[in-house]
Structure formats: structure tokens, C-alpha cells
Amino acid sequence: MTTYADCSFCGGEVTEKRIDYDYRRQAHLVVISNVPAGVCGQCGEKYFRPDILKKMDETYHDIFDRNQKPQRTLTVPTVSL
Ligand SMILES: [Zn+2]
């Protein structure tokens, strides 16, 4: 379990949780589940350890550059307001 500094936005307590995270870069989006993240109990801001950020980046490249098959694929509705 990682200890996180208090939230830099609101000063709230940040505790580690496992979350689903929408990792998006340019036109590509990959939904990564079970991501360890520090989540602020007051405002919900999320903080990631550097090794987790690196893992998510590698996952992105595995899927979009190295054609690794994801566990499943979602269809996402897209609209413009
Ligand atoms: Zn906060």
C-alpha cells in the first residue's frame, strides 16, 4: 500500500484505491481496469505513482503500436454538442 501526500488541490486525505481509468492520448483511448491510484476523499482528484503511469503508457503502446489484443473491446458512443 502506497502512502500519498495530501491532495494538492484541496488538502484532503489521499488513499489508495483500485480504479478503472480512461487512458487517452490523441485519438486513442484504452480503458484500464484495476489501476492502483491515490484518490482524494474530498474532491476525487487522482494521483498515480510513476511506475503505474509507465505501465499504463506501455499498455497503450502494446495495443496501438504493437497490436496486442485487448481483453475486450467496447463500443463508445460519440456525440458533439
Ligand atoms: Zn482533493
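All of these numbers come straight from a predicted model, not from anything done at the bench.

1. Concerning the nonpolar core
Next up, step 1: Counting residues in hydrophobic clusters, the biggest one holds 12 residues: I19, Y23, V30, I32, V35, A37, V39, F48, I52, M56, Y60 and I63.
Next up, step 2: Elements that contribute at least two residues to this core include exactly β1 (14-25), β2 (28-40) and α1 (50-64).
Next up, step 3: With five residues, the top contributor of residues to this core is β2.
Next up, step 4: Among all residues touching M56, those that are not within four sequence positions of it are Y21, Y23, I32, V35 and F48.

2. Focus: the side chain of E16
Next up, step 1: With respect to the helices and strands, the residue E16 is situated in strand β1.
Next up, step 2: Look at E16 and you get buried, because its relative accessible area is 17%.
Next up, step 3: Of note is the side chain of E16, whose polar atom sits 3.4 Å from the side chain of T2.
Next up, step 4: Engagement of the side chain of E16 in a polar contact is seen with the side chain of Y4, the distance being 2.8 Å.
Next up, step 5: Once you skip the residues sitting within four places of it in the chain, E16 turns out to touch M1, T2, Y4, P36, A37, G38 and R49.

3. Comments concerning the coordination of the zinc ion
Next up, step 1: Looking at the zinc ion, the protein donor atoms are C7 (SG), C10 (SG), C40 (SG) and C43 (SG), and they sit 2.3 Å from it.
Next up, step 2: Here the zinc ion is ringed by four donor atoms whose angles at the metal span 98 to 117°, and the overall shape comes out tetrahedral.
Next up, step 3: On the primary sequence, the residues serving as donors to the zinc ion are separated as C-x2-C-x29-C-x2-C. With a gap of 33 residues between them, C10 in the segment before β1 and C43 in the loop between β2 and β3 (46-47) connect regions that are remote in the sequence.
Next up, step 4: Judged by relative accessible area, which is 34%, C10 ranks as partly exposed.

4. Overview of the layout of surface pockets
Over the atoms rolls a probe the size of a water molecule, and in doing so it shows where empty space is left.
Next up, step 1: In this structure, the largest pocket spans a volume of roughly 710 Å³.
Next up, step 2: As for the largest pocket, its lining consists of 20 residues, and the residues nearest its centre are V30, V31, I32, P70 and R72.
Next up, step 3: At the level of secondary structure, the elements contributing two or more residues to the lining of the largest pocket comprise β1, β2 and α1.
Next up, step 4: Tallying contributions element by element places β2 first for the lining of the largest pocket, with five residues.
Next up, step 5: Considered class by class, the residues forming the lining of the largest pocket number nine nonpolar, seven polar and four charged.

Cut-offs and rules
Residues numbered from 1 in each chain as written. Predicted model: local features only at pLDDT ≥ 70, side-chain atom pairs only at ≥ 80, totals over all residues. Heavy atoms only, no water. Core = buried A, V, L, I, M, F, W, Y, C linked by side-chain atoms within 4.5 Å. Buried < 20%, exposed > 50% of the residue type's maximum accessible area, 1.4 Å probe, protein only. Helix = DSSP H or I, 4+ residues; strand = E, 2+ residues; numbered from the N terminus. Contact = heavy atoms within 4.5 Å. Polar contact = N/O pair within 3.5 Å; in protein donor to acceptor, adjacent residues only side chain to side chain. Donors = N, O, S within 2.8 Å, 3.2 Å for Na, K, Ca; no water. Tetrahedral: all angles 85-135°; square planar, octahedral: opposite > 155°, others 65-115°. 1 Å grid on protein atoms, 1.4 Å probe; cavity = no way out; pocket = protein on both sides within 12 Å on 5 of 7 lines; lining within 4 Å. Points joined across faces, edges and corners; volume = space filled by probe spheres on them. Nonpolar A, V, L, I, M, F, W, Y, C, P; charged D, E, K, R; others polar.

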